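Coordinate analysis (summary)
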Amino acid sequence: MKKLIYAAGFILAVIALVPSVQAAGSRDDFKAPHIMGGSAIPNNARFQGGTHRFQVHVQGPAVSELEINLPEDVSIRRGIEIKNQAGQKIPATVSVNNRQATVVFSQPVPPETTLSIEMQGVNTPGYSGIWLYQVSGKMAGLNSEIPLGTVRIQTSGR
């Protein structure tokens, strides 16, 4: 029994002395557009016509188009407004058809731009819930859509 305890102690001592291995590079080295947060204004599910908003941080290639899949039973009545981090409107053509909104930028949005997307006049069924918007984008020079993530917006019944 003593030999087993000594062997286990020796193995733990060796493991403690070996430096941990780190992956080459860091999370900051990865450059791709990604979603940043989401919110509802007001957050009350009974209020119809509110604003659902989220941000997209453009990194890596420039973004030429965004596609937003709307959750079932959610509609947008007053359109979508896009601004940069300085609060300036970004020129874009917006179309909303059934459960899909498409935003085509007049000029590709350059890297290191944070886009604020505000879906205005959002109508929901009126009960509290978590609304999931799937967002994808087209990058300048590429024809295929690339998934950027899912925006989670929660409304309460109070």
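Residues numbered from 1 in each chain as written. Predicted model: local features only at pLDDT ≥ 70, side-chain atom pairs only at ≥ 80, totals over all residues. Heavy atoms only, no water.

1. Considerations on the overall build of the protein
Our working definition: A run of H or I in DSSP counts as a helix once it spans at least four residues, and a run of E counts as a strand once it spans at least two, with each numbered from the N terminus. Categorising residues by exposure relies on relative accessible area from a 1.4 Å probe, with only protein chains included: less than 20% of the type maximum marks a residue as buried, more than 50% marks it as exposed, and the intermediate range marks it as partly exposed. Should any heavy atoms of two residues lie within 4.5 Å, those residues are considered in contact.
Each helix and strand counted, the protein has one helix and 10 strands in total. The helix and strand sequence of the protein, counted from the amino end, reads α-β-β-β-β-β-β-β-β-β-β. The buried share of the protein, reckoned over its 158 residues, is 35%. When contacts within the protein are restricted to residue pairs at least 6 apart in sequence, those whose partners lie at least 24 apart make up 71%.

2. Concerning the sheet that holds strand 6 (residues 92-97)
Strand pairing in a sheet relies on backbone hydrogen bonds, with the paired strands running either antiparallel or parallel. Basically, it comes down to this: If DSSP finds at least two bridges between two strands, the strands pair. Here an axis means a line fitted to C-alpha atoms, over the contact stretch when the element is a helix, while the angle between two N-to-C directions is reported on a 0 to 180 degree scale.
Read from one edge of the open sheet, five strands run 6-7-3-9-10, paired in antiparallel fashion. The outermost strands of the open sheet, each flanked by one partner alone, are strand 6 and strand 10 (145-155). Neighbour-to-neighbour, the strand axes of the sheet open up by a mean angle of 20 degrees, direction not taken into account. Taken together, the six bridges between strand 3 (residues 63-69) and strand 9 (residues 129-139) define a ladder with antiparallel strand orientation. When the bridges of strand 9 are listed, Glu 67 appears paired with Ser 136.

3. Considerations on the pattern of salt bridges
To be explicit about the condition: A carboxyl oxygen of Asp or Glu within 4 Å of a side-chain nitrogen of Lys or Arg is what we treat as a salt bridge.
Applying the stated criterion across every chain, the model contains three salt bridges. In this structure, Glu 118 and Arg 53 form a salt bridge, with 3.6 Å as the shortest nitrogen-oxygen distance. With a gap of 65 residues between them, Glu 118 in strand 8 (residues 113-123) and Arg 53 in strand 2 (residues 50-58) connect regions that are remote in the sequence. For Glu 118, a relative accessible area of 17% puts it in the buried group.

4. Focus: the side chain of Thr 51
With respect to the helices, strands and loops of the structure, Thr 51 is situated in strand 2. What makes Thr 51 buried here is its relative accessible area of 15%. In this structure, Thr 51 is in contact with Ser 39, Ala 40, Ile 41, Arg 78, Glu 118, Met 119 and Gln 120, ignoring residues within four places of it in sequence.

5. Focus on the pairing of strand 9
Where strand 9 meets strand 10, 10 bridges bridge the pair, whose relative direction is antiparallel. Looking across to strand 10, one finds that Leu 132 is bridged to Arg 152. If you look at the hairpin formed by strand 9 and strand 10, you'll find five residues sitting between the two strands, and Gly 141 has a positive phi there, around 90 degrees.

6. Here we look at the confidence of the model for the protein
Close reading of the predicted structure is inappropriate where its pLDDT is low. What counts is decided by this rule: pLDDT measures the predictor's confidence residue by residue and takes values from 0 up to 100.
Residues of the protein with pLDDT of at least 70 account for 82%, and the chain-wide mean is 84. The lowest-confidence element of the protein is helix 1 (residues 2-17), averaging 63 in pLDDT; the highest-confidence one is strand 5 (residues 80-83), averaging 96.

7. Comments concerning the nonpolar core
The following threshold applies: To qualify as a nonpolar core, a set must consist of buried Ala, Val, Leu, Ile, Met, Phe, Trp, Tyr and Cys residues joined through side-chain atoms within 4.5 Å.
In this structure, Leu 66, Ile 68, Leu 115, Ile 117, Met 119 and Tyr 133 are the most contacted members of the largest nonpolar core, which totals 29 residues. Mapped onto this core, the elements with two or more residues apiece are strand 1 (34-41), strand 2, strand 3, strand 5, strand 7 (100-109), strand 8, strand 9 and strand 10. Look past the residues within four positions of Met 119 in its chain and what remains in contact with it is Gly 50, Thr 51, His 52, Phe 54, Ile 68, Leu 70, Ile 76, Gly 79, Ile 80 and Tyr 133.

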